[in-house]
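Structure assessment
Now for the letters of each chain:
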Amino acid sequence: ANEALGTMTSVTVEGGIPNVTVPPFERKFRPGVVKEMMDEIIKERLTGVEYEADTCSMLARDISDEIKFKLKELGFEERYKFVVQVVIGEEKGEGVRMGCRCFWDPKTDNHVATQFHNATIFCAAA
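No experiment lies behind these values; they were computed from the predicted model shown.

Attention now moves to the packing of helix H1 (residues 31–46) against helix H2 (residues 53–73). Two numbers describe how H1 lies on H2: the axes approach to 10 Å, and their chain directions differ by 145°. Seen from above, H1 lies across H2 with right-handed handedness. For the pair H1 and H2, the contacting residues are Val34, Met37, Met38, Ile41, Ile42, Arg45 and Leu46 in the first and Leu59, Asp62, Ile63, Glu66, Ile67, Lys70 and Leu71 in the second. Looking at the contact of H1 with H2, its residues break down into ten nonpolar, no polar and four charged.

Inspection of the secondary structure puts Leu59 in helix H2. Residue classification places Leu59 among the buried residues on the basis of a relative accessible area of 16%. Sequence spacing of Leu59 and Ile88 is 29 residues, and the spatial spacing of their C-alpha atoms is 8.2 Å. Discounting chain neighbours no more than four positions away, the residues touching Leu59 are Arg45, Leu46, Val49 and Ile88.

Pairing in this open sheet of three strands is antiparallel, and the strands run S3-S5-S4 from one edge to the other. The open sheet has two free edges, formed respectively by strand S3 (86–90) and strand S4 (114–117), since each of these has just one partner strand. Strand-to-strand twist of the sheet, defined as the mean angle between neighbouring strand axes without regard to direction, takes the value 10°. Note: S3 against strand S5 (residues 121–125), five bridges, orientation antiparallel.

What follows covers the pattern of salt bridges. Applying the stated criterion across every chain, the model contains six salt bridges. The salt bridge involving Asp62 is made with Arg45; its shortest N-O contact spans 3.9 Å. Placement of Asp62 in helix H2 and of Arg45 in helix H1 is noted, with a sequence separation of 17 residues between them. One network of salt bridges, with partners in common, ties together Arg45, Asp62 and Glu66.

The next point concerns the side chain of Ser64. Its place among the elements puts Ser64 in helix H2. Apart from residues no more than four positions distant in its own chain, Ser64 is found in contact with Val84 and Val86.

Rules behind the numbers
- Residues numbered from 1 in each chain as written.
- Predicted model: local features only at pLDDT ≥ 70, side-chain atom pairs only at ≥ 80, totals over all residues.
- Heavy atoms only, no water.
- Axes fitted to C-alpha atoms, helices over the stretch in contact; angles between N-to-C directions.
- Helix = DSSP H or I, 4+ residues; strand = E, 2+ residues; numbered from the N terminus.
- Left-handed = near helix turned anticlockwise from the far one by under 90°.
- Contact = heavy atoms within 4.5 Å.
- Nonpolar A, V, L, I, M, F, W, Y, C, P; charged D, E, K, R; others polar.
- Buried < 20%, exposed > 50% of the residue type's maximum accessible area, 1.4 Å probe, protein only.
- Pairing = 2+ DSSP bridges.
- Salt bridge = Lys/Arg side-chain N within 4 Å of Asp/Glu carboxyl O.

Written out as structure tokens, the structure reads:
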């Protein structure tokens, strides 16, 4: 039983993975808060930046690392594993489609995605 507020609850899922750890409500992943944080970081880092093929790889890695650091600051590191993907490319008005697949538990897993573009750069982050 979960007697103390803020403790983890273990649940056995019939036919699934036993002992799934479920965080208390106040520690659950909040996509809206995370999306705002990601939007702020990306806007701050890319506003006014022009596309340069030689620097985009490092810029994408730096933005990804900053997002992961901020996620830990928000207090989600106890329960969650993070996968952060940032793609930066040249904006030519042609459009891009991206996709990914994951094993997913809708009771405990979640997802956030955002995008940014200016005259010369597009950025997709998830």
